[in-house]
Amino acid sequence: MNGISIEIKNLSKKFGELSILEDANISIDPGDFFAIVGKSGCGKSTLLRLITYLEKPTSGSILLDGKPVDRINSDVRFVFQDARILLWKNVLDNVILGSPTRSREDALWALKAVGLEGREKSWPIVLSGGQRQRLSLARAIVGKPKVLLLDEPLGALDALTRIEMQQLIEKLWKEQRFTAVLVTHDVAEAVTLANHVIVMDNKKIHKDIHVELARPREHNRDFAYYEEKILKYILKPKDTKGAEYVI
Amino acid sequence: MTAQNTIKSHPFSEENFLRAAQWIIPILLVTLWVISKASASFKLQLLPSPVSEIHRTVDMFTDGTLVDYVFVSARRAFTGLIIGSVLGYVLGMITGLNKTFNAFLNTTVQMLRTIPMLAYQPIMIIFLGIGDELIVFMVSMGVFFSMYLNTYAGVQGLDKGLDEMARVYGFTRREYFFDVVLPGSMPNVLVGVRIALGSMWMMLIAAESVSGNSGLGYMAARAREYLQMDRIFMILFIYAFFGKMSDTIATSLENYFLRWRKT
Ligand SMILES: Nc1ncnc2c1ncn2[C@@H]1O[C@H](COP(=O)(O)OP(=O)(O)OP(=O)(O)O)[C@@H](O)[C@H]1O
Ligand SMILES: [Mg+2]
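Residues numbered from 1 in each chain as written. Chains lettered and ligands numbered in written order. Predicted model: local features only at pLDDT ≥ 70, side-chain atom pairs only at ≥ 80, totals over all residues.

Visitor: Would you mind showing me how to read the environment of A35(A) here?
Guide: All names here are of chain A. Assignment of secondary structure puts A35 in strand β3 (residues 33–38). Residue A35 is classed as buried on the basis of its C-beta count, with 27 C-beta atoms lying within 10 Å. Between the C-alpha atoms of A35 and A224, which are 189 residues apart in sequence, the distance is 17 Å. What A35 contacts, discounting residues up to four positions off in sequence, is L182, T184, A190, L193, A194 and V197. (Helix = DSSP H or I, 4+ residues; strand = E, 2+ residues; numbered from the N terminus. Buried ≥ 20, exposed ≤ 12 C-beta atoms within 10 Å, placed from the backbone. Contact = placed C-beta atoms within 7 Å.)

Here it is, written out as structure tokens:
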């Protein structure tokens, strides 16, 4: 197991007067796969940025493997929605810069893992949207991180490419067993990939929904059941006080 | 030779066409000149004929004045270009990157740039006299502002997302500068270079015609005074030639530094 646990305790975050998160508690086991869904602007990205230490908590704490987060750490990698690739570096050099040791061999391995072999010398500008996210994933996994945070990485892709990329993310997660946290607008994507789906709303974290479906997941009736359940929480969270676990 | 090569080197290929196309308008202009002179309307008496133009050019070449003037001007232009662009680039980088320096310098530069150069030229005469130094100074100033403003804009305009990416991925300061800031601001910097090459010629000619006793600008001013149309025409051709040269330099810099932008 490469992944480590993430423990979020009584976490609150304010930007000046604006409160984004209030008293959030989440506990993620090592190597688990969590998805976070919620309306736009509810603070999902902020939560990931707090875990990365790009933002500091107003109060409360975040523990990685039991230790409080107090700096940006190469065990935690972030995949951004807009790939944030250096367009003036070729594909290989972009991945090398993701490696904590700047290792060329590791970069070649990561490019192979995401299916970009043979594109090492290409300029990123010629890559398709899906290929850019592959590159961005390669850069994130090249250092074998213990935690992978994905902030709507597939939001800008078309439906078919998205399915391919979901399969890729699942494959990488199975092979490397990092702890994954995926923010997504797409409930089906959350059900496809995650073991636990957290619904965020109104500054609060709703209890997570445990998705118990065999992988790879098919869009059958059980799948639809979870989808509907999650959507219900998102659309009227006030009616469903304290979500129950589904076992 | 492969089939592809044959197509590429075909005399009517698109590439060759575009290469030729850039000369069409200049050639038309010259043709217009020849025709309008040949049809000899008296209104155009002052317009030098192409033949006398060629004579004049050959004369000035052989007696050496033209070559001297071109060299004098080129030296001033080049010195000013180096001083102005190095200063503009370095200061633009520093104020773009550093908040303290920004507060300290940027407002002043932004204020100074709106003052027309000719307005404070008299003051500079007090310090620099009216010789070479003043001309080089004015060229440097013109170049400096173009480079400074565009470099500054390039650094400020860098995608903030890349900043954050660099932090998450543990870029060293060195990597941040050489792999993010420097290449990321390059498109703007090269716009600056293009504009700077333009301001370089403007400032040079303006400064030389006011305060020089040699150089192309001086020659142009004298020719204007004495209505020596053939000289004025020749100088126009020289300007056009240097303009084309500047453009070629700027384009090849772009082709090299922005090669990642070409698909
Ligand atoms: N640095 C900041 N300063 C002030 N307010 C901020 C800052 N960063 C985020 N916010 C605010 O916090 C709220 C949550 O932003 P966040 O980006 O976390 O939302 P999100 O759930 O990721 O939304 P989306 O799904 O649209 O990406 C927004 O109202 C946003 O305006
Ligand atoms: Mg977001």
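This is not the end of the story, as more comes after the structure.
Visitor: It is not clear to me how the site of ligand 1 should be interpreted in this structure. Could you clarify?
Guide: All names here are of chain A. The environment of ligand 1 is formed by F15, L18, I20, S40, G41, C42, G43, K44, S45 and T46. Sorting the residues of the shell around ligand 1 by element identifies β2 (18–28) and α1 (44–52) as the ones contributing at least two each. Residue contributions to the shell around ligand 1 peak at three residues, all from α1. Tallied by class, residues from the shell around ligand 1 come to four nonpolar, five polar and one charged. (Near = placed C-beta within 6 Å. Nonpolar A, V, L, I, M, F, W, Y, C, P; charged D, E, K, R; others polar.)

Visitor: Help me out: how do you make sense of the confidence of the model for chain B in this one?
Guide: Residue and element names in this part refer to chain B. This prediction gives chain B a mean pLDDT of 87; 95% of its residues lie at or above 70. Taken together, the stretch residues 1–7 has pLDDT below 50 and engages in two contacts with residues farther than four places along the chain or on a different chain. We note a pTM of 0.84 for the whole complex and an ipTM of 0.87 for its interfaces. (pLDDT = per-residue confidence, 0-100.)

Visitor: Looking at this structure, how should I read the packing of helix α5 (residues 65–97) of chain B against helix α10 (residues 173–211) of chain B?
Guide: Residues and elements named next belong to chain B. For the pair α5 and α10, the least separation of the axes is 9 Å and the interaxial angle reads 145°. For the element pair α5 and α10, the recorded crossing hand is right-handed. Across from S73, R76, A77, G80, L81, G84, S85, Y89 and L97 in α5, the residues of α10 making contact are V181, V189, A196, M200, L204 and E208. Class assignment of the residues belonging to the contact of α5 with α10 gives a composition of nine nonpolar, four polar and two charged. (Axes fitted to C-alpha atoms, helices over the stretch in contact; angles between N-to-C directions. Left-handed = near helix turned anticlockwise from the far one by under 90°.)

Visitor: Quick question: what am I supposed to make of the pairing of strand β4 (residues 59–64) of chain A here?
Guide: The side chains of a regular strand alternate, first on one face of the sheet and then on the other. Residue and element names in this part refer to chain A. Bridge count for strand β1 (residues 6–15) against β4 is five bridges, and the pairing is antiparallel. Bridging from a neighbouring strand, I6 pairs with L64 of β4. Judged from the two bridges that link them, β4 and strand β5 (residues 67–68) form a sheet pairing that is antiparallel. Following the sheet pairing, L64 is matched in β5 by K67. Taking the residues between adjacent antiparallel strands as the criterion, β4 and β5 are bridged by two residues, where D65 takes a positive phi near 55°. (Pairing = 2+ DSSP bridges.)

Visitor: I tried to follow the nonpolar core on my own but got confused; where do I start?
Guide: Within soluble globular proteins, side chains that are nonpolar tend to cluster in buried spots. Residues A138(A) and V197(A) are the most contacted members of the largest nonpolar core, which totals 78 residues. Not counting residues up to four positions away in its chain, the partners in contact with V197(A) are A35(A), V37(A), A190(A), V191(A), D208(A), I209(A), V211(A) and I230(A). Core analysis: the second largest hydrophobic core is formed by 37 residues, Y89(B), V139(B), V155(B) and M186(B) among them. (Core = buried A, V, L, I, M, F, W, Y, C linked by C-beta atoms within 7 Å.)

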